[in-house]
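# Examination of the molecular architecture
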Amino acid sequence: MWVEAGGLLTAIGYAGSNNLVRVGFKGSNAMTGAVVTLAVNFIVIWTLTLFIVPWHAFQFSLFWIFIIDGVFTQALGRLLKFISIDRLGAARAGAILGATPIFSIMGAVLIRGERLTYLIFSGAMLIVIGLVVLSGGARGGRVRLKDLIFPLAAALLFGLSPNLRKFGLQILPYPLLAAAVTSTTSLCTLLVSSRLVERGRFAITKRSLVYFILAGLCTAVALPVYYYSLSLGDVVVLGPLANTGGFFSVLIARLCMSKEENITGRLWLGSLAVVAGATAIFLH
């Protein structure tokens, strides 16, 4: 029960963050949003870590797996996700990221040797159908194929992450410290990459800063909860539940951001297909 609840709370946290950064993009950009939210994660999670985690756990030799995770999922994956939100909108980008369970399951089967059941296969097919439906329309016209590359690439990175983290938690059995290391690595990676990317200049307004800070607080709660849940449960259970954020993104956008997002029946149908697929995977 705790694992399932943690998965849903993670999904809600990231869905809220997606919509908040979408609003914050007015007067700002993806790189700035990623850096600000990660900075908030860094401050909040490390503050909690220093008070809760015993000092003997702070050994650099135990951190390496989460450093890799921070570079390739939390930093690069988050930047790709924010670019997706900027180009496609929070609801559609969040729903396409629902493909993440496919990659999580592939990693669990191929790397961890977990068994692929009929329900898992059916859930994966429902998610693919949802993606096809979602790619059929966009704000003011059809979605460009090159714009779909960003959320799908982010989904691949996020999908590989649970398996990597599950392995890491067997080495470092302190989920909060693991989340802190991941956040630190992500922030450092983005700060370095922002100097190398042509569009990596920072642009911020007071309004954007407020929304980015709120988005960072959402993920500062969701990330540790996810780590704790992962330490208690299996990837095949937590992965799909944590990635039902596409549905919550649509719901939040509809209730709170109707002027920012064009929520169509097609988008609802695709989002529900993604959620149905994730549910089938959970029930396997």
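Preceding block: the structure.
Everything in this summary refers to the structure shown in the same document. The shown structure was predicted, so the numbers you read here are calculated from the model rather than taken from an experiment.

### Points about the overall build of the protein
- Regarding its fold elements, the protein presents 12 helices and 0 strands.
- If you list the helices and strands of the protein from N to C, you get α-α-α-α-α-α-α-α-α-α-α-α.
- In the protein, which comprises 284 residues, the share counted as buried stands at 57%.
- In the protein, the share of contacts with a sequence separation of at least 24, taken over all contacts with a separation of at least 6, comes to 90%.
- In the structure as shown, the protein presents an accessible area of about 12700 Å², 71% of it carried by carbon and sulfur atoms.

### Overview of the nonpolar core
- Core analysis: the largest hydrophobic core is formed by 29 residues, its most contacted members being Phe 66, Leu 172, Leu 177 and Tyr 227.
- When residues in this core are grouped by element, the largest group, 6 residues, is from helix H8 (residues 175-193).
- Once residues lying within four places of it in the same chain are set aside, the contact partners of Tyr 227 are Phe 66, Asp 69, Arg 165, Leu 169, Pro 175, Ala 178, Ala 179 and Thr 182.
- Core analysis: the next-biggest nonpolar cluster, separate from the first, contains 21 residues, Leu 38, Leu 79, Ile 85 and Ile 96 among them.

### Considering the pattern of salt bridges
- The full count for this structure, using the stated rule, is 1 salt bridge.
- Across the pair Asp 69 and Arg 165 runs a salt bridge whose closest N-O atoms are separated by 2.7 Å. You can see Asp 69 sitting in helix H3 (residues 64-88) and its partner Arg 165 sitting in helix H7 (residues 145-171), a full 96 residues away along the chain. One exposure class covers both Asp 69 and Arg 165, and it is buried.

### Describing the packing of helix H5 (residues 100-110) against helix H10 (residues 235-242)
- Orientation of H5 relative to H10, taken along the N-to-C sense of each, is 170°, at an axis distance of 9 Å. Comparing their axes, H10 and H5 come out roughly antiparallel. In terms of crossing hand, the pair formed by H5 and H10 is right-handed. Of the residues in H10, those touching H5 at Pro 101, Ser 104 and Ala 108 are Val 235, Val 236, Gly 239 and Pro 240.
- Taken together, the residues of the contact of H5 with H10 break down into 5 nonpolar, 2 polar and no charged.

Definitions and cut-offs
Residues numbered from 1 in each chain as written. Predicted model: local features only at pLDDT ≥ 70, side-chain atom pairs only at ≥ 80, totals over all residues. Heavy atoms only, no water. Helix = DSSP H or I, 4+ residues; strand = E, 2+ residues; numbered from the N terminus. Buried < 20%, exposed > 50% of the residue type's maximum accessible area, 1.4 Å probe, protein only. Contact = heavy atoms within 4.5 Å. Areas by Shrake-Rupley, 256 points an atom, 1.4 Å probe, with all protein chains shown as cover. Core = buried A, V, L, I, M, F, W, Y, C linked by side-chain atoms within 4.5 Å. Salt bridge = Lys/Arg side-chain N within 4 Å of Asp/Glu carboxyl O. Axes fitted to C-alpha atoms, helices over the stretch in contact; angles between N-to-C directions. Parallel < 35°, antiparallel > 145°, perpendicular 65-115°, else oblique. Left-handed = near helix turned anticlockwise from the far one by under 90°. Nonpolar A, V, L, I, M, F, W, Y, C, P; charged D, E, K, R; others polar.

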